[in-house]
Structure formats: C-alpha cells, structure tokens
Amino acid sequence: MRIDSLKPSERKKGRFLLTLEDGTLLRITEDEVLRFHLRSGKELSDDTLEAIDQSVKRSNTKVKAANIIASRPLSKKELQKRLVQKGSAADDAEAAVEWLEELGTVDDEAYAATLVRHYCSRGYGAARVREELHRRGVPRELWDAALEERCDSAETLDSLIRKKCKGDLDDPKERKRLCDALMRRGFSWSEVKSALGRYTEILEDD
C-alpha cells in the first residue's frame, strides 16, 4: 500500500495525518514518522502497516496516561487499570505506566506517603490507612515506610476523644460507643485504651 500524502496536523502539535492510496486516513505521531521512515509515495507492506497501527495505539495510550496522571496522582496499578477500562490493551497500558515511572511522573512510594498523610490528617488509624493503601493498589512492601512517617496517633486520638465524647465515660454504654467509633477508624484497642486513660486523667485533674 502506497502513502498518498503525509502532512502535519493543523489541530494537534506533534501529530501527522497519513493518507493511503485507498483513502484510509491514519493519525500518527512524530515517533512513527521517524521510526518507520515515512514519506509520501513510500510503499508499505501489510506487516509494516500493522506495526504502525500497533505503535500508534501505544503512543495514544501514553498520551492518555499522561493526561490522567496530570489530573490526580494514582498508583501504577490504578493507572494501568484505568487505561484498560478506557479501551487500551493491557500490554500498551503496562508500557505507558512503565514509561511514566521512568520519567518520575508515577511514583508509588511518593503516592503512599501522600495517602498516609491525607488519611492521618483526617483522623484515621494505621489499620484504616492500610486498607486504603491496599484498595489503591500500593505495593505492600511500601506500606511500613510510609506509615512510619504518619502523624502521631496519640495526638490524633486525644483530639478525636475530645470531639466525640458525649457523656460520662464511667457509663459502659458511652465508653463502648466511643471505643467502637475509634476502632472503626483504624486505631488498635491498645491505642484507644491508652487514649481513654489520658482523657480520664485530664478530667480528674480538672
């Protein structure tokens, strides 16, 4: 198949419009032009056309991935899943994510630290933060280092108890209600118990 014309796109920078002799229009990138040495009048075999098509799909997936990650941070796993959901082939999605990781645009370690800071600042404990890290596809080996940098659980618990305590903690029902609420936020029983002890001491001093 012969290339009838090859010209830069007037609408998108770095894009080219390749028209074949049968009228087929291909929207390609500069990468394909250089890689396949494309020019008007060149004859292309079926295998070359297939290779160009695959290369274009991979290039488009990279552009799509860059646009997605520019709007909000994501883990590698989240980004790859989103690309596949948007129609990209799994191999192309994986290649795009690896490309962005090499550029430093996708960074699971930095993303884990961001998530930990965010959820700790909202008053969640380590167990709940781990659930979020798992849900968002952050590799398990990055969890501990990120959690070591989290906010002080004692300080967070003390603040939450002051806000949530609605009655006398000598009342078993009130104490259970408060404990259950704090443990649902991801704090361990030992952390909650210590925090309640501190709160009781403050009340007694007052």
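Shown above is the structure to which this text applies.
Q: For this particular structure, what's the right way to read the pairing of strand β3 (residues 25-29)?
A: Looking along a regular strand, one sees the side chains alternate between the two faces of the sheet. For strand β2 (residues 15-20) and β3, the ladder comprises 5 bridges, and the chain directions are antiparallel. In the strand pairing of β3, R15 is matched with T29. Between the end of β2 and the start of β3, which pair antiparallel, lie 4 residues, with G23 showing a positive phi angle near 95°.

Q: Sorry, what's going on with the nonpolar core here?
A: Soluble globular proteins: nonpolar side chains tend toward being buried together. The biggest cluster of nonpolar side chains holds 14 residues, and the ones touching the most others in it are L115, V116, V129, L133 and V138. Elements supplying a minimum of two residues to this core: α5 (108-121), α6 (126-135) and α7 (143-148). Element by element, the count of residues in this core is highest for α5, at 6 residues.

Q: Hey, could you run me through the packing of α5 against α6 in this one?
A: Running from N to C, α5 and α6 point in directions that differ by 140°, and their axes come no closer than 10 Å. In terms of orientation, α5 and α6 fall into the oblique class. In this structure, α5 crosses over α6, and the sense of that crossing is right-handed. When α5 is examined against α6, the residues A112, L115, V116, Y119 and C120 are found in contact with a partner set consisting of V129, E132, L133 and R135.

Q: Just to check I follow, could you spell out the pattern of salt bridges for this structure?
A: Close approach of charged atoms lets side chains of opposite charge pair. Enumeration according to the criterion identifies 10 salt bridges in this entry. Between E132 and R136 there is a salt bridge, with the nearest N and O atoms lying 3.4 Å from each other. Residue class for R136 comes out buried when judged on its relative accessible area of 14%. Two residues, R177 and E174, come together in a salt bridge whose shortest N-O distance is 2.8 Å. Taken together, the residues R177 and E174, both in helix α9 (residues 172-184) and 3 residues apart, mark about one turn of the helix. A network of salt bridges, in which partner residues are shared, links E78, E132, R135 and R136.

The rules we used
- Residues numbered from 1 in each chain as written.
- Predicted model: local features only at pLDDT ≥ 70, side-chain atom pairs only at ≥ 80, totals over all residues.
- Heavy atoms only, no water.
- Pairing = 2+ DSSP bridges.
- Helix = DSSP H or I, 4+ residues; strand = E, 2+ residues; numbered from the N terminus.
- Core = buried A, V, L, I, M, F, W, Y, C linked by side-chain atoms within 4.5 Å.
- Buried < 20%, exposed > 50% of the residue type's maximum accessible area, 1.4 Å probe, protein only.
- Axes fitted to C-alpha atoms, helices over the stretch in contact; angles between N-to-C directions.
- Parallel < 35°, antiparallel > 145°, perpendicular 65-115°, else oblique.
- Left-handed = near helix turned anticlockwise from the far one by under 90°.
- Contact = heavy atoms within 4.5 Å.
- Salt bridge = Lys/Arg side-chain N within 4 Å of Asp/Glu carboxyl O.

Honestly, that's just the spatial picture; any functional story needs more than this.
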